[in-house]
Amino acid sequence: MTDCTVHPPAIEPADLVWRDGIPESARFGDVYFSRDNGLAETRHVFLNHNNLPDRFRDLPPQGAFVIAETGFGTGLNFLAAWQAWRKHRPDNGSVLHFISAERYPLTRNDLKRALDLWPELAPLAGDLLAHYPPLVRGTHRLVLDEGRVRLTLYFGDVLDAWKALSFSADAWFLDGFAPALNPDMWLDQAMALIREHSRPGTTLATFTAVGRIRRALESEGFEMRKSPGYGRKRDMIAGALTGTASSDSTNPSHTVAIIGAGIAGTLLARNLASRGVAVTLIDTEEYAGAAASGNLQGAMYVKLGVEFNAQTELALSALTFSQRAYEPYRDSFWHPTGLLQLAWNPQEQDRQARFLDRNQYPEGLLYPVDAATASELTGIPVTNGGLWFPNNGWLSPGSLCRELVDHALIDCRFGTRVDRLMPCNGKWHLSSCSGADIIANSVVIAAGHKSAELIPLKGEYRFKAIRGQVTHIPEETIRAPKAVICGQKYLNPCQNGLAVTGATFDLHSADPSVTREANTENLQKLGDMLPGLFAEDGSNRDFEGRVGFRCTTHDYQPVAGMMADCNGQSLEGVYLLTGLGSKGLTYAPLLAEYVADQLTGQPACLPATLAHSVRPDRMCRLRAG
């Protein structure tokens, strides 16, 4: 077994030994699947003994079926379940959630080698490999099969996974290496957590027939039975929690109104529509992406903290999720050119040095580069090195917003200003002077810096509007880069003869018009960061630009989830998705997924610590008196 020390947020990969083409764990001394026929074993033990084909067929419209697994391994169990889901699920908007924990995940190369053994799974395996996350600790949500399958992978200890994640399973795959070789996975504490994430009717199956495991499950309320095992294994056990089986489902008549058609609102609308939920999307402008999300270009990146805390983990989760979420729009609205986070001054050089000293990230996410390499990667001379993010890039956010709302289940009400939200007969009425009330079961306020005006609660909400102006630079005036460069300003590659740089950060101005002073600030700081960028006198010309207003919070963390008042009392049916600041392009996909999970009652993509950090009630402060 290879002994290598890995520092967070990276996680130790599985150490494999291949015998006759079959992977074994060097750490645990056990095979990942049967030498006889691993796929047939999976179908026998997990699919058949959980009665999955029939249960898939019986799902109601917009139903969610949740499978939880101890030990992702090669992903064979997941692919077998996905294959059965495709074969048996009704075409009624139902979603398969598969939740799995893995302490020692396979590298992408090892995963591919293992799954190449099963040609019939090749199309699904290819999709899994394309979405497979980097090997960093924590929770990873993969949206597959056009949203019909959602895989939540937790890289870390299985006990930590079940403590952190919010879900109720319909079926359990108790996999992992044999109890004698991997006892930690089969502790009584693990059995108790499995019970906590189950409900009446939840089934489970496992390849093992060890009496201690059966008795532990029975003590948690599962009725267990012994059944014939697969191949050389004589016995296995399966069972169910007493009670009547049920599944999470959204009422097909449930409707959602979203106020705000920027990147957050349009991503949420499309997310819900892909789950079969009817959405009314409302905005005061005449088209989607007309306000702060309407810039010609936006850099998609985050600044990861020196300390790997909850704030950094949220930023990292958002970064990797957004890279996957935007991939279908590659070369149309999404351009993953790579991004250089330039160490442009001594303070940033010191910060990056401390960041690299205290953290370990896979090279597929980021790695340090010197000035010569940075110059080669960006295509222009730079005087310093920095951090290179190979899968980052830039987005055309306004164009993407307009693409996202083109869906049969999204009813766009543009040119509509919502004046008030009122509860009535279990629904919300959104009144507007421009027409009849809009009525919905749930409302999401995603109106950027105007969100606080719409919250139907007493109190002060700590949102700040920050004016930002970008500058449009004609291509002929600069040495344009081929990748995004970020420092005290960002600079994108040229599109249609223009490159966008910015943005200013003005807390005290509400002026929506472009000013020459703000353009001058952008250009001067950009020139200081990248000496020699401009052609002679290029930075002294009058350039066009655009103004938008970011919505930020007192702690500079975004807000997502169900509203609550200043006493922590939930406001049923009203949700917030705002406060994304200057990193909205990165945070919006993950937080839209999280709010959609809440609205549909499906498993949450955020672990408890990150859900807590974005909760809306932290924004509420009671007025004096």
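Summarised in this report is the structure supplied together with it.

Definitions and limits used
All residue numbers refer to positions counted from 1 along the written sequence of the respective chain. Local features are withheld for residues below a pLDDT of 70 in this predicted model, meaning they are given only at 70 or higher, and side-chain atom pairs are given and counted only at 80 or more; totals for whole chains, interfaces and linings count all residues. In computing side-chain values, all of the structure's heavy atoms are included and hydrogens and water are not. Strands are runs of DSSP state E lasting at least two residues, helices are runs of H or I lasting at least four, and both sets are numbered from the N terminus onward. Within these notes, the globule rule equals 2.2 Å times the number of residues to the 0.38 power, and the radius of gyration is based on C-alpha atoms. Working rule for contacts: check all heavy atoms of both residues, and any pair within 4.5 Å makes them a contact. Working definition of accessibility: Shrake-Rupley area with a 1.4 Å probe, residue cover restricted to the visible protein chains. When charges are tallied, Lys and Arg are placed among the positive residues and Asp and Glu among the negative ones, while His and the ends of the chain are skipped. A single reference atom marks each charge: NZ on Lys, CZ on Arg, CG on Asp, CD on Glu. Buried residues are those whose accessible area, probed at 1.4 Å on protein chains only, stays under 20% of the maximum for their type, while exposed residues exceed 50% and partly exposed ones sit between those limits. A pair of strands is considered paired only if DSSP assigns at least 2 bridges between the two. Throughout this description, the term salt bridge denotes a Lys or Arg side-chain nitrogen within 4 Å of a carboxyl oxygen of Asp or Glu. The disulfide criterion is simple: two cysteine sulfur atoms within 2.5 Å. Identification of polar contacts relies on pairs of N or O atoms within 3.5 Å, with a donor-acceptor requirement for protein atoms, meaning one able to donate a hydrogen and the other able to accept it, and with residues adjacent in sequence counted only if both atoms are side-chain atoms. Between the N-to-C directions of two axes lies an angle of 0 to 180 degrees, each axis being a line fitted to C-alpha atoms and, for a helix, fitted only over the stretch in contact. Residue count minus one, scaled by 1.5 Å, sets the expected span of a helix.

Scanning the protein chain from terminus to terminus reveals 16 helices and 34 strands. Relative to the 2.2 N^0.38 estimate, which gives 25 Å for 625 residues, the radius of gyration of the protein chain is 26 Å and therefore close to what a compact globule would have. Overall, the protein chain is about 80 × 65 × 45 Å in size when its C-alpha atoms are taken along their principal axes. Excluding contacts between residues fewer than 6 apart, the proportion of contacts in the protein chain whose partners are at least 24 apart in sequence is 74%. Accessible surface for the protein chain amounts to roughly 25,100 Å². Of this, 47% is attributable to carbon and sulfur atoms. Computed over 59 positive and 68 negative side-chain charges, the inter-centroid distance for the protein chain is 3 Å.

Glancing now at the pairing of strand 17 (residues 339–342). Burial along strand 17 is two-sided: Leu339 and Gln341 and Leu340 and Leu342, pointing in opposite directions, are all buried. Sheet topology note: the strand 17/strand 28 (residues 484–486) ladder contains 3 bridges and is parallel. Paired with leucine 340 across the two strands is isoleucine 485, which belongs to strand 28. Pairing of strand 17 with strand 19 (residues 386–389) involves 4 bridges; the strand directions are antiparallel. By the bridge assignment, leucine 342 is partnered in strand 19 with glycine 386.

Evaluated as defined, the whole model comprises 30 salt bridges. The salt bridge involving arginine 354 is made with aspartate 350; its shortest N-O contact spans 3.0 Å. Remark: aspartate 350 and arginine 354 occur in helix 11 (residues 346–358); sequence separation between them is 4 residues, near one turn of the helix. A relative accessible area of 32% means that arginine 354 is categorised as partly exposed. Residue class for aspartate 350 comes out partly exposed when judged on its relative accessible area of 41%. One network of salt bridges, in which partners are shared, links Arg141, Arg150, Arg275, Glu593 and Asp597.

Moving on, we come to the state of the cysteines. Counted under the stated rule, the structure contains 1 disulfide. Here cysteine 412 stays free of any disulfide, with the sulfur of cysteine 401 as its closest cysteine sulfur at 11 Å. Free of any disulfide, cysteine 494 has its nearest cysteine sulfur in cysteine 486, 15 Å distant.

The next thing to look at is the side chain of threonine 203. With respect to the secondary-structure elements, threonine 203 resides in strand 9 (residues 198–206). Owing to a relative accessible area of 12%, threonine 203 belongs among the buried residues under this scheme. For threonine 203, the side chain forms a polar contact with the side chain of asparagine 50, separated by 2.5 Å. Of note is the side chain of threonine 203, whose polar atom sits 2.7 Å from the side chain of arginine 55. Beyond its immediate sequence surroundings of up to four residues, threonine 203 is in contact with Asn50, Arg55, Asp170, Ala171, Trp172, Gly239 and Ala240.

Spatial strand order, 15-20-16: 3 strands in an open sheet with antiparallel pairing. Of all strands in the sheet, those bounded by a partner on one side alone are strand 15 (298–300) and strand 16 (334–335). Pairing of strand 16 with strand 20 (residues 393–395), which is carried by 2 bridges, proceeds in the antiparallel orientation. Bridging across to strand 20, histidine 335 finds its partner in tryptophan 394. Here helix 10 (residues 310–326) sits on the sheet in contact with strand 15, strand 16 and strand 20, set at roughly 120° to strand 15.

For the rest of this paragraph, the subject is the sheet that holds strand 25 (residues 442–445). Note: strands within a sheet are paired through backbone hydrogen bonds, in either parallel or antiparallel orientation. In space, the 6 strands of this open sheet follow the order 21-14-13-25-33-32, with mixed pairing throughout. At either end of the open sheet lies a strand with only one pairing partner, and these are strand 21 (410–414) and strand 32 (559–564). Each strand of the sheet is rotated relative to its neighbour by a mean of 20°, with strand direction disregarded. Two elements, strand 14 (residues 278–283) and strand 21, share 5 bridges in a ladder whose sense is parallel. Among the inter-strand pairings, threonine 280 is bridged to a residue of strand 21, identified as aspartate 411.

Another point: the environment of phenylalanine 534. Tracing the backbone shows phenylalanine 534 in the loop between helix 14 (516–529) and strand 31 (544–553). Classification of phenylalanine 534 as buried rests on a relative accessible area of 16%. Considering only alpha carbons, one finds phenylalanine 534 and glutamate 476, 58 residues apart in sequence, at a separation of 9.2 Å.

This paragraph deals with the pairing of strand 19. Bridge analysis of strand 18 (residues 367–369) against strand 19 gives 3 bridges, and the strand direction is antiparallel. By the bridge assignment for strand 19, tyrosine 367 is matched with tryptophan 388.

This part is about helix 15 (residues 584–600). What sets the pattern is the α-helix's 3.6 residues per turn: residues three or four places apart point alike. If you check helix 15, its first and last C-alpha atoms are 23 Å apart, about what 17 residues at 1.5 Å a residue would give, namely 24 Å. Most of helix 15 sits out of view: 16 of its 17 residues are buried. Just downstream of helix 15 lies glycine 601, where phi reads positive at about 70°.

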